[in-house]
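Examining the three-dimensional arrangement
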Amino acid sequence: MGVTLAEFLSWLSTPGGVTIAVGLLLSWIADYIPRYAYLTPKQKRLVFLGACLLLPSLVATLRG
């Protein structure tokens, strides 16, 4: 049994889904964008906040 796109997007809308997706996204950013390592902790928190706000908005748009 596979997961449909609608089910996956629904899961991404949950707090657990957002947390896992943002964690994966930020680990990818840290690996592939060297400039991220030179950001201050405050700037990294802002990137994390932005990702936490942007990801659910993007998922909601895709679900619609």
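Structure shown above.
Residues numbered from 1 in each chain as written. Predicted model: local features only at pLDDT ≥ 70, side-chain atom pairs only at ≥ 80, totals over all residues. Heavy atoms only, no water.

Description of the nonpolar core
Leu-9, Leu-12, Val-18, Ala-21, Val-22, Leu-26, Ile-29, Tyr-36, Ala-51, Leu-55 and Val-59 together form the largest nonpolar core, which totals 11 residues. Broken down by secondary-structure element, the contributors of at least two residues to this core are α1 (5–12), α2 (15–32) and α3 (41–63). In terms of residue count, α2 provides more of this core than any other element does, 5 residues in total. For Val-18, the residues in contact, after removing those within four places along its chain, are Leu-12, Ser-13, Cys-52, Leu-55 and Pro-56. (Core = buried A, V, L, I, M, F, W, Y, C linked by side-chain atoms within 4.5 Å. Buried < 20%, exposed > 50% of the residue type's maximum accessible area, 1.4 Å probe, protein only. Helix = DSSP H or I, 4+ residues; strand = E, 2+ residues; numbered from the N terminus. Contact = heavy atoms within 4.5 Å.)

A short note on the environment of Phe-48
Inspection of the secondary structure puts Phe-48 in helix α3. With relative accessibility at 42%, the residue Phe-48 sits in the partly exposed group. Considering only alpha carbons, one finds Phe-48 and Tyr-36, 12 residues apart in sequence, at a separation of 11 Å. Setting aside its immediate chain neighbours within four residues, Phe-48 contacts Val-22 and Leu-26.

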